[in-house]
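Secondary and tertiary structure notes
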Amino acid sequence: KNIKPQKGWQLAIGAYTTTKEYDIDLSIEAYYKRMSNYLDFKSGAMLLMNPNIEDDVVGTQGKAYGIEIMASKDLGKLSGWASYSWSRSKLREVGNRGSSAINKGKWYNSSYDKPHEFKVAGNYKFTHRVNLSVNLDYATGRPATVPVARYYYNNGYRLYYTERNSYRIPDYCRVDLALNIEPT
């Protein structure tokens, strides 16, 4: 009862065309999104088996923006698509919790912030029975909050963490190749 519903609005604009010579579909799209009443967990929140989860979350406002470029080809021996997107997703705590505020009330990367993403899916038909397919997927690593030091306090060791989501896990890259031979 103490958690407000999330709200948001989004603006998107794009352009699409098809080249006549090669039958390639091209598109570009940009967007900007604002969010309010978005929830994030307080630092040190107890998440498991918490009967009062609303005491461990805080309201934030968010913004997300980006651009995507895509090319696709459906006809001929070579078919497939390639896309690249650049996007950002940021949050900032609202309210006044003083020094307890996440990142002292400054903007920080949301858990969904992956600035670069590149994907390719292609298929080449050698004959009506034999084709080669490739899938490539690359993405920037997701944000993470990691311990950077430990200290001794009150008869025990404590961890000191970076600012919220200021570190990134390693980038993700995957390539799948397949030679497909279909039966007669």
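Placed above this text is the structure.
In this text the structure is predicted, and so the values were computed from the model without any measurement.

1. A short note on the overall build of the protein chain
- Within the protein chain, the regular secondary structure consists of 0 helices and 12 strands.
- Starting at the N terminus and ending at the C terminus, the protein chain contains elements arranged as β-β-β-β-β-β-β-β-β-β-β-β.
- Relative to the globule expectation of 16 Å for 184 residues, the C-alpha radius of gyration of the protein chain, 23 Å, shows a markedly less compact shape.
- Within the protein chain, the fraction of its 184 residues that count as buried is 23%.
- Long-range pairs, those at least 24 residues apart, make up 57% of the contacts in the protein chain between residues at least 6 apart in sequence.
- A total accessible area of about 13000 Å² is found for the protein chain, and carbon and sulfur atoms account for 56% of it.
- For the protein chain, the centre of its 26 positive side-chain charges and the centre of its 18 negative side-chain charges are spaced 7 Å apart.

2. Some details on the packing of aromatic side chains
- Tallied over the entire structure, the rule returns 5 aromatic pairs.
- Here the aromatic rings of Tyr65 and Trp86 are separated by 5.9 Å at their centres, their planes lie at 50°, and the arrangement is tilted. Remark: Trp86 occurs in strand 4 (residues 78-93) and Tyr65 occurs in strand 3 (residues 57-73); sequence separation between them is 21 residues.
- Note on Trp86: relative accessible area 32%, which makes it partly exposed.
- Seen in terms of ring centroids, Tyr152 and Tyr157 are 5.2 Å apart; in terms of plane orientation they differ by 75°. Their pairing is edge-to-face.
- Taken together, Trp9, Tyr32, Tyr65 and Trp86 form an aromatic cluster joined through their ring pairs.
- Residue placement shows Arg150 over the ring face of Tyr157; its charged tip is 4.2 Å from the ring centre.

Rules used in this analysis
Residues numbered from 1 in each chain as written. Predicted model: local features only at pLDDT ≥ 70, side-chain atom pairs only at ≥ 80, totals over all residues. Heavy atoms only, no water. Helix = DSSP H or I, 4+ residues; strand = E, 2+ residues; numbered from the N terminus. Rg over C-alpha atoms; globule rule 2.2 N^0.38 Å. Buried < 20%, exposed > 50% of the residue type's maximum accessible area, 1.4 Å probe, protein only. Contact = heavy atoms within 4.5 Å. Areas by Shrake-Rupley, 256 points an atom, 1.4 Å probe, with all protein chains shown as cover. Lys, Arg positive; Asp, Glu negative; His and termini not counted. Charge placed at Lys NZ, Arg CZ, Asp CG, Glu CD. Phe/Tyr/Trp six-rings, centres within 6.5 Å; stacked < 30°, edge-to-face > 60°. Lys NZ or Arg CZ within 6 Å of the ring centre and 35° of its normal.

Geometric values such as these leave the question of function open.
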